[in-house]
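Secondary and tertiary structure notes
Here are the chains, one letter per residue:
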Amino acid sequence: MADLSAKEVEKVEFAFSIYDADGTNVIDAVDLGNVLRALNLNPTNATIEKLGGTKKKGEKMLKLDEFLPIYSQCKKDKDQGCYEDFLECLKLYDKQENGTMLGAELSHTLLALGEKLEDAEVEQVLKDCMDPEDEDGFIPYGPFLKKMMVLL
């Protein structure tokens with residue numbers, strides 16, 4: 001790939017190898033989003049589907065030489081958020097302007113806005129990423145977001 005440096009290709013090969021379950025130099029397309037996120041990209045589910053990702057295991061396999069142009073294209077895609085973008089969104093719920101929001105509002109936001117999550121997914125995300133609520137039900141959203149971005 002002319003637009004990827006040797007160091008980037010090496011990084012992609014390593015991430016790809018982690019999802020190459022049986023050592024055959026292919027990954028299941030259901031893991032496309034996971035590999036891209038492991039490479040510090042934040043594609044939307046719609047983007048992943050557009051790039052060839054599947055929802056069911058075993059439907060499609062991708063070789064490394066098929067994945068490299070997908071990575072390159074996704075890297076250029078401006079339709080993905082970064083920490084600062086998500087932080088600005090959560091600031092809308094910071095009524096006291098002190099870096100906190102109601103835990104219930106965070107849960108509702110994950111369930112109802114953007115690429116909506118299922119109840120079980122929200123429960124898992126909150127369990128893994130959210131600090132305990134204070135006595136008024138508020139949580140610091142910055143640390144939550146940092147933990148969430150690591151998981152992505």
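Definitions and cut-offs
- Residues numbered from 1 in each chain as written.
- Predicted model: local features only at pLDDT ≥ 70, side-chain atom pairs only at ≥ 80, totals over all residues.
- Heavy atoms only, no water.
- Helix = DSSP H or I, 4+ residues; strand = E, 2+ residues; numbered from the N terminus.
- Buried < 20%, exposed > 50% of the residue type's maximum accessible area, 1.4 Å probe, protein only.
- Contact = heavy atoms within 4.5 Å.
- Areas by Shrake-Rupley, 256 points an atom, 1.4 Å probe, with all protein chains shown as cover.
- Lys, Arg positive; Asp, Glu negative; His and termini not counted.
- Charge placed at Lys NZ, Arg CZ, Asp CG, Glu CD.
- Axes fitted to C-alpha atoms, helices over the stretch in contact; angles between N-to-C directions.
- Left-handed = near helix turned anticlockwise from the far one by under 90°.
- Nonpolar A, V, L, I, M, F, W, Y, C, P; charged D, E, K, R; others polar.
- Phe/Tyr/Trp six-rings, centres within 6.5 Å; stacked < 30°, edge-to-face > 60°.
- UniProt positions renumbered as here; feature names shortened; annotations may be inferred.
- Polar contact = N/O pair within 3.5 Å; in protein donor to acceptor, adjacent residues only side chain to side chain.

In the nomenclature of an unreviewed UniProt entry, the chain corresponds to Myosin light chain alkali from the organism Ceratina calcarata.

The subject of this paragraph is the overall build of the chain. Tallying secondary structure elements over the chain gives eight helices and four strands in all. Helices (α) and strands (β) of the chain occur, in sequence order from the N terminus, as α-β-α-α-β-α-α-β-α-α-β-α. With respect to the principal axes defined by its C-alpha atoms, the chain has extents near 50 × 30 × 25 Å. Looking at the chain as a whole, 39% of its 152 residues are labelled buried. Residue pairs in contact within the chain that sit at least 24 positions apart in sequence constitute 61% of those at least 6 positions apart. Summed over all atoms, the accessible surface of the chain reaches about 9,400 Å², with 54% contributed by carbon and sulfur. On the chain, the mean spot of the 18 positive side-chain charges and the mean spot of the 31 negative ones are 5 Å from each other.

The geometry of helix 1 (residues 6-19) relative to helix 4 (residues 64-76) is characterised by a closest axis approach of 11 Å and an angle of 115° between their N-to-C directions. Of the two elements, helix 1 crosses helix 4, and the hand of that crossing is right-handed. Facing helix 1, whose interface residues are Glu8, Val12, Glu13 and Phe16, helix 4 presents Leu64, Phe67, Leu68, Tyr71 and Lys75. Partitioning the contact of helix 1 with helix 4 into residue classes produces six nonpolar, no polar and three charged.

Attention now moves to the packing of aromatic side chains. Taken as a whole and assessed by the stated rule, the structure comprises one aromatic pair. Note on Phe16 and Phe67: the rings are 5.7 Å apart at their centroids and 45° apart in plane angle, and the pair reads as tilted. Residue Phe16 is located in helix 1, and its partner Phe67 is located in helix 4; the two are separated by 51 residues in the primary sequence. Side by side, Phe16 and Phe67 carry an identical accessibility label, which is buried.

Its identity as a non-glycine residue notwithstanding, Asn40 has a phi of 65°, on the positive side. As for its placement among the helices and strands, Asn40 is situated in the loop between helix 2 (32-38) and helix 3 (45-50). Owing to a relative accessible area of 63%, Asn40 belongs among the exposed residues under this scheme.

UniProt annotation of "domain: EF-hand" (unreviewed entry) refers to residues 7-42 when read in the numbering used here. Secondary structure across residues 7-42 divides into 56% helix and 8% strand, with the first and last C-alpha atoms of the span separated by 20 Å.

It is worth spelling out the side chain of Thr54 at this point. Residue placement: Thr54 occurs in the loop between helix 3 and strand 2 (61-63). You can call Thr54 buried: its relative accessible area is 18%. Looking at Thr54, its side chain comes within polar contact range of the main-chain oxygen of Lys56, at 3.3 Å. Excluding its chain neighbours within four sequence positions, the residues that come into contact with Thr54 are Asp28, Ala29, Val30, Glu59 and Lys60.

You can see Gly137 is positioned in the loop between helix 7 (119-129) and strand 4 (138-140). Relative accessible area serves as the criterion here: at 14%, Gly137 is assigned to the buried category. Separated by 34 residues in the primary sequence, Gly137 and Gly103 place their C-alpha atoms 6.0 Å from one another. Discounting chain neighbours no more than four positions away, the residues touching Gly137 are Met101, Leu102 and Gly103.

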